[in-house]
Every structure is written in structure tokens, then in C-alpha cells.
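# Structural characterization, general
Letter by letter, the chains look like this.
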Amino acid sequence: MTRYTFPLIAALGAVIGAGAVWSYDRFASPGGPDQARIERVVHDYVLSHPEIIPQAMQKLQDQQSGQAVAANRRDIETPFGSAWAGNPKGDVTLVEYFDYNCGYCRASLPMIADLIKRDPKLRVVYRDLPILSDESRVAARASLLAAQQGKFQAFHDALYAGGPVSDASIQAAAAKAGVSLSGLQSPLITAEIAKNMQTAVKLGMNGTPSWVVGDRILSGALPIEEIEKAIQAARAR
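So, here is what we can say about the structure in this document.

Calculation criteria
Residues numbered from 1 in each chain as written. Predicted model: local features only at pLDDT ≥ 70, side-chain atom pairs only at ≥ 80, totals over all residues. Heavy atoms only, no water. Core = buried A, V, L, I, M, F, W, Y, C linked by side-chain atoms within 4.5 Å. Buried < 20%, exposed > 50% of the residue type's maximum accessible area, 1.4 Å probe, protein only. Helix = DSSP H or I, 4+ residues; strand = E, 2+ residues; numbered from the N terminus. Contact = heavy atoms within 4.5 Å. Pairing = 2+ DSSP bridges. Lys, Arg positive; Asp, Glu negative; His and termini not counted. Salt bridge = Lys/Arg side-chain N within 4 Å of Asp/Glu carboxyl O. Polar contact = N/O pair within 3.5 Å; in protein donor to acceptor, adjacent residues only side chain to side chain.

## Thoughts on the nonpolar core
By size, the foremost hydrophobic cluster in this structure holds 45 residues, and its most contacted members are Tyr100, Phe155 and Ile227. For this core, the leading source of residues is helix α8 (residues 134-148), giving seven residues. Residues in contact with Phe155, not counting those within four places in the same chain, are Tyr100, Ala139, Ala142, Ser143, Ala146, Ile170, Ala173, Ala174, Ala177 and Val179. Counting twelve residues, the second largest nonpolar core, distinct from the first, contains Val69, Ile76, Leu203 and Val212.

Here it is as C-alpha cells:
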């Protein structure tokens, strides 16, 4: 017996619909004589069907993630200024938490563009999560200024196309997008970055890119098929 026994039994029950688990909930008391028997039933089933372990743990993780997303949905899905793309009234929102110094975020740009082309009902929201360097934080502030000025996408694409993030590349991207960089220390921008950081912690994010779609949280540079699968699952709810 470990501290994971009861959560795992519950998760396995959700996956396999084991009658033993139902019996456990109804008849057995923790530490009672039925507990060992029911745990043996589950134990033997798991040994015979080990493939259900990742399914059960994924289901448990999705349940926990869904609760965290639901509690913070407004902060997750409400864009800052023009930091969004796709259909403004889309029936599903895909949120990317990104850092301008993240190579995987850069590599995900074509995938996001393809998603928007392939799915006219999709809305994409971009959230600055500058966790990799001091330059990332300056870039995030400039990005949010661009969003306030209605020029987020132009700045976003120009900065990623400009190579490694530096003061020079930020200035060049701003000039190309027509963004004024006065107001980098705006309290609204400081508050937005702090909110994104706090929300990322609540959601258990530990890197970029991180994605939220529906009630699911995904991590890393993912193939378009995996993101589309999550979008369809959210749409089916």
C-alpha cells in the first residue's frame, strides 16, 4: 500500500469500469478485510493489462488540469489587446504560452498558421511567458506594447524572423511593425506579465511552448495532428 493506492484505483476504475472498484466504494472500509481482496483484484487486472496505466494516469492528470483551467479560464483565454489570431468568435480557443527566446516556440509558428488556415472556427490567443532570459522579458514588454497598439502579429512575426533576441532585434522588429516602444515599463504591462507567470504556475507549466485548449494543458513543440485532436475533443464537449 502506498499513498497513491486510492487515487490510482479511482483512475483505473474510470478507465476500466471495474466492478471491484464500485464494490470498494460501496462496501469496503479502508483497512477492512475487503480492502486487501479488492486491491488484489485491481493488482491482478493491472498486471494482465499494463497498457491501462498510462491511460489512467493521463485521465487523472486531465481531470486535475481541467479543474485548474476552469478556475483560471478568464485569465487564460482573454487576450491582451490584439494578441490573438483566427476567428474572434471561434468556438474553440487555443492558447499558447511562449517565450521569444524559445526555439521550439519559433518552430511552432508554421504549425499555428496552418491550424488557422485549416480551421475557420479556431481562435488562437498568445500569452507572453518570458522565463528564459532578461532579453525575453524586454521582448515580452515590447510584444505587449505592440498588442496595445493593435500590431501584435506584425511585431511577433518580425521579432521571431530577426534571429536571437537582443535590444537591436527588438528595435528592428518594432520599426518594421510600426510599434512605438515608449511605455515599456507601463504598469498594465507589468501586471499582465505577472498574471501570466502566476497562471502558468497554477497550471503546472514548466516550459515553453505550453498550450491550453479546452480543459487540456499540453507541452512542447507538438505535431499539428496532436493539437487538432485536442481541438476536436474540446469542440465535442
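## Regarding the pairing of strand β4 (residues 210-213)
Side chains Ser210 and Val212 of β4 all project onto a buried face; the interleaved residues Trp211 and Val213 project onto the opposite face, where all are buried too. Bridge analysis of strand β2 (residues 92-98) against β4 gives four bridges, and the strand direction is antiparallel. Along β4, the bridge assignment pairs Tyr97 with Ser210. In this structure, β4 lies alongside strand β5 (residues 216-219), joined through four bridges in antiparallel fashion. When the sheet's bridge partners are listed, Val212 is paired in β5 with Ile217. Hairpin geometry of β4 and β5 is characterised by an intervening segment of two residues between the two adjacent antiparallel strands and by a positive phi of about 65° at Gly214.

## Topic: the side chain of Asp99
Relative to the helices and strands, Asp99 resides in the loop between β2 and α6 (103-107). One buried charge, Asp99, has no salt-bridge partner; the nearest side chain with opposite charge is Arg137, at 7.2 Å. Here Ile131 takes part through its backbone nitrogen, which lies 2.8 Å from a polar atom of the side chain of Asp99. For Asp99, the residues in contact, after removing those within four places along its chain, are Cys105, Leu129, Pro130, Ile131, Leu132, Ser136, Tyr160 and Thr208.

In short, geometric facts, not functional conclusions.
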